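As a plain string of letters, each chain reads:
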Amino acid sequence: MKTTFGRRTRILAATTATAGLALVAGCSSDDDGGSGNGTKTAAGGVELVKAGQLTTCTHLPYPPFQSEIDGKVQGFDVALIDLVADDLGVEQQIVDQPFENFKTGGSLNAGQCDLAAAGMTITEERKKNVDFSDPYFEATQAVLADKDSGITSFAGLKGKKVGAQAQTTGEDYAKSKGLNPVSFESSDAVLNGLRTGQVDAVVIDYPVVQGWLKDKANADAFEVAEQINTGEQYGFTMKKGNDKLREAINKALADAKSDGTYKKIYEQWIGPYDESAASASPSAS
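Residues numbered from 1 in each chain as written. Predicted model: local features only at pLDDT ≥ 70, side-chain atom pairs only at ≥ 80, totals over all residues. Heavy atoms only, no water.

Enquirer: I tried to follow the sheet that holds strand E11 (residues 201-205) on my own but got confused; where do I start?
Expert: Backbone hydrogen bonds are what pair the strands of a sheet, in a parallel or an antiparallel way. One open sheet holds the five strands; their spatial order is E10-E9-E11-E8-E12, and the pairing between them is mixed. At either end of the open sheet lies a strand with only one pairing partner, and these are strand E10 (182-184) and strand E12 (222-234). Adjacent strand axes in the sheet meet at a mean angle of 25°, parallel and antiparallel pairs treated alike. Relative to E11, strand E8 (residues 137-146) is paired through five bridges, and the arrangement is antiparallel. Pairing of Ala-145 across the sheet is with Ala-201, part of E11. (Pairing = 2+ DSSP bridges. Helix = DSSP H or I, 4+ residues; strand = E, 2+ residues; numbered from the N terminus. Axes fitted to C-alpha atoms, helices over the stretch in contact; angles between N-to-C directions.)

Below, the structure is given as structure tokens:
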């Protein structure tokens, strides 16, 4: 797996107490990081790629799960992984890189990050390359269309210009139904494609659409033609065999669901609380 990326890799401070962004050319697995004692072993015996920090790979932006707001990376995924970092006695640091790099396990295997958090759907194909945490979010796909497009359902996309984010299950779903979607690198690019008329509609995760429609300009121009229940669940990923980190993540998720923290984070970033989001069954190992 190549470790040279198409754009500059960024290490981004994710904790709410950290101001600004630290920009670097890459992430090296032999750098002890900011820990005073230089150890890479955190609470519970979890081995870290950098001392004193839990390094998370993601692909920005992907609101409401992770995006840069007021100079800090924030979002639903970020807040949940901050809970894991707190349990481990370290701080979360985020590495921004192409989705494909960590979806295939390459970044994890190369020691560039401990885990990946990117609104990633749990699939059998992806399980061949990475291990998943328990599900933390029940996801659906949505068709968002220009109000003047005449599109009122997924079936209405036939013969239309359709956009999707590359390497996502939204793109996969569109292709599985016989469409040939225009692929965009990021969710921002997907929205821009819709705004500029490059496409008539897009297929993307519904929570992302919810975030877009909070903007009045978007709500005035676009509408949800259909919400599609594809049975998707999101999970965090780590290198195969990293059982201690997987267990630490699962414990933090379970604790957050039982003590109400998950509900608060959900309402902050997603919207009105959906009980099913917290009752997702653990993923098969």
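Enquirer: I'm lost on the nonpolar core in this one. Help?
Expert: When a protein is soluble and globular, its nonpolar side chains tend to lie buried together. One finds Leu-54, Phe-76, Phe-137, Trp-212 and Phe-236 to be the most contacted residues of the largest nonpolar core, which totals 46 residues. Counting only elements with at least two residues in this core, the list comes to helix H1 (76-88), E8, helix H6 (187-195), E11, helix H7 (206-212), E12, helix H9 (243-259) and helix H10 (261-269). Of the residues forming this core, the biggest block, seven residues, is contributed by H1. (Core = buried A, V, L, I, M, F, W, Y, C linked by side-chain atoms within 4.5 Å. Buried < 20%, exposed > 50% of the residue type's maximum accessible area, 1.4 Å probe, protein only.)

Enquirer: Explanation requested: the packing of aromatic side chains in the structure shown.
Expert: Here a ring pair, both rings aromatic, is described through the centre-centre distance and the interplanar angle of the planes. According to the stated counting rule, one finds 15 aromatic pairs in the structure shown. On the numbers, 6.2 Å between centres and 35° between planes, the contact of Tyr-262 with Tyr-266 is tilted. Taken together, the positions of Tyr-262 and Tyr-266, both in helix H10 and four residues apart, correspond to about one turn of that helix. Of the residues examined, Tyr-262 reaches a relative accessible area of 0% and is grouped as buried. You can call Tyr-266 buried: its relative accessible area is 5%. Members of the aromatic cluster, joined through ring pairs, are Tyr-62, Phe-65, Phe-76, Tyr-136, Phe-137, Tyr-234, Phe-236, Tyr-262 and Tyr-266. The positively charged end of Lys-257 is found above the aromatic ring belonging to Tyr-262, 5.5 Å away from the centroid. (Phe/Tyr/Trp six-rings, centres within 6.5 Å; stacked < 30°, edge-to-face > 60°. Lys NZ or Arg CZ within 6 Å of the ring centre and 35° of its normal.)

Enquirer: Help me understand the packing of H1 against H9, please; the structure alone is not making it clear to me.
Expert: Between two packed helices, both the angle of their axes relative to each other and the distance between the axes serve to describe the pair. Where H1 contacts H9, the axes come no closer than 9 Å and their chain directions differ by 115°. Put simply, H1 runs roughly perpendicular to H9. Crossing angle aside, the handedness with which H1 passes H9 is right-handed. Contact residues: Leu-80, Leu-83, Val-84, Asp-87 and Leu-88 in H1; Ala-248, Ile-249, Ala-252, Leu-253 and Ala-256 in H9. Grouping the constituent residues of the contact of H1 with H9 by class yields nine nonpolar, no polar and one charged. (Parallel < 35°, antiparallel > 145°, perpendicular 65-115°, else oblique. Left-handed = near helix turned anticlockwise from the far one by under 90°. Contact = heavy atoms within 4.5 Å. Nonpolar A, V, L, I, M, F, W, Y, C, P; charged D, E, K, R; others polar.)

Enquirer: Teacher, can you tell me more about the side chain of Glu-171 here?
Expert: Inspection of the secondary structure assignment puts Glu-171 in helix H5 (residues 169-176). Relative accessible area serves as the criterion here: at 5%, Glu-171 is assigned to the buried category. A distance of 2.2 Å separates the side chain of Glu-171 from the side chain of Ser-183, its partner in a polar contact. (Polar contact = N/O pair within 3.5 Å; in protein donor to acceptor, adjacent residues only side chain to side chain.)

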